[in-house]
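Spelled out, the chains give:
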Amino acid sequence: QVQLVESGGGSVLPGGSLRLSCTISGRAFSTYVMGWFRQAPGKGREFVASINWSGGVTDYADSVKGRFAMSRDSAKNTVYLQMNSLKADDTAVYYCAVRIDKIHTSSSYLDYDYWGQGTQVTVSS
C-alpha cells in the first residue's frame, strides 16, 4: 500500500505565496514520478505540475508557468509545490499523485496510480 500526505494549504491574499508538500510512504518501488493536480468547485481535476524520477525535468500547466515551481527531495520522499503570485483562479483543492515504476512526467490524471487526500488552497481578498 502507498500513502501520500499533503500539507501546506491555507488561505492567502492575491499576490501571496504558499508552499505545498507531499510525502510518500509505503511499499518500496524502484522509480516513481510525482504530480500535482487541482480541482475547483464545479470543475474537473486539472493538471498543475509533474516532476520526473530524477527531478531534472518538470512540466507545468500553462496557467501556472512562471508562478509555480515543483521540486523533489528524494532522500525524504517528498515533493514540493512553491506557488507564487497567487490569483483567485488558483483557489482549489490540490492533490498530489504518484506514478509507480515510471520515470517520465505526465499531465494526465489517468496515468497516476495513487492520490493524496487533498489540501485546500484559497486565494481571496
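Anything mentioned here points back to the structure above.
Residues numbered from 1 in each chain as written. Predicted model: local features only at pLDDT ≥ 70, side-chain atom pairs only at ≥ 80, totals over all residues. Heavy atoms only, no water.

Another point: the overall build of the protein chain. Per the secondary structure count, the protein chain includes zero helices and eleven strands. The C-alpha radius of gyration computed for the protein chain amounts to 14 Å, which stays within 12% of the reference 14 Å derived for 125 residues, consistent with globular compactness. Looking at the 125 residues of the protein chain, the share that counts as buried comes to 44%. A sequence separation of at least 24 residues applies to 59% of the contacts in the protein chain between residues at least 6 apart. (Helix = DSSP H or I, 4+ residues; strand = E, 2+ residues; numbered from the N terminus. Rg over C-alpha atoms; globule rule 2.2 N^0.38 Å. Buried < 20%, exposed > 50% of the residue type's maximum accessible area, 1.4 Å probe, protein only. Contact = heavy atoms within 4.5 Å.)

This brings us to the pattern of salt bridges. Considering all chains together, one arrives at four salt bridges under this definition. Taken together, the salt bridges that share partners define one network made up of Arg38, Glu46, Arg67 and Asp90. (Salt bridge = Lys/Arg side-chain N within 4 Å of Asp/Glu carboxyl O.)

Taken as a whole and judged by the stated rule, the model has five aromatic pairs. Here Phe37 and Phe47 contribute two aromatic rings whose centre-to-centre distance is 5.7 Å and whose plane-to-plane angle is 70 degrees, an arrangement assigned as edge-to-face. Of the two residues, Phe37 sits in strand 4 (residues 32-39) while Phe47 sits in strand 5 (residues 46-51), which places them ten residues apart along the sequence. For the residue pair Phe37 and Phe47, the accessibility class agrees, reading buried in each case. These aromatic residues form a ring-pair network of at least three members: Phe37, Phe47, Tyr112 and Trp115. If you follow Arg45 out to its NZ or CZ, it ends over the ring of Tyr95, 4.0 Å from the centre. Over the ring of Trp115 we find Arg45; its NZ or CZ atom is 4.7 Å from the centre of that ring. (Phe/Tyr/Trp six-rings, centres within 6.5 Å; stacked < 30°, edge-to-face > 60°. Lys NZ or Arg CZ within 6 Å of the ring centre and 35° of its normal.)

With that settled, the discussion passes to the sheet that holds strand 1 (residues 2-7). Strands sit in the order 1-3-8-7 across an open sheet of four strands; the sheet is antiparallel. Looking along the sheet, the strands with just one partner apiece sit at the ends: strand 1 and strand 7 (68-73). Neighbour-to-neighbour, the strand axes of the sheet open up by a mean angle of 15 degrees, direction not taken into account. Bridge analysis of strand 1 against strand 3 (residues 18-26) gives six bridges, and the strand direction is antiparallel. From the neighbouring strand, Val5 faces strand 3, where its bridge partner is Thr23. (Pairing = 2+ DSSP bridges. Axes fitted to C-alpha atoms, helices over the stretch in contact; angles between N-to-C directions.)

What follows covers the side chain of Arg67. Here Arg67 is to be found in the loop between strand 6 (58-60) and strand 7. Only 2.9 Å separates the side chain of Arg67 from the backbone oxygen of Ser85, close enough to count as a polar contact. Contacts of Arg67, omitting those with residues within four sequence positions, involve Gln82, Met83, Asn84, Ser85, Leu86, Lys87 and Asp90. (Polar contact = N/O pair within 3.5 Å; in protein donor to acceptor, adjacent residues only side chain to side chain.)

Here we take up the pairing of strand 5. Counting buried positions along strand 5 gives five out of six residues, so the element sits mostly inside the fold. Relative to strand 5, strand 4 is paired through five bridges, and the arrangement is antiparallel. Following the sheet pairing, Gly35 is matched in strand 5 by Ser50. The antiparallel hairpin formed by strand 4 and strand 5 contains six residues in its connecting segment, where Gly42 sits at a positive phi of about 80 degrees. In the sheet, strand 5 pairs with strand 6 via three bridges, with the strands oriented antiparallel. Residue pairing across strands places Ser50 opposite Asp59, the latter belonging to strand 6. Between the antiparallel neighbours strand 5 and strand 6 lie six residues, among them Gly55 with a positive phi of about 85 degrees.

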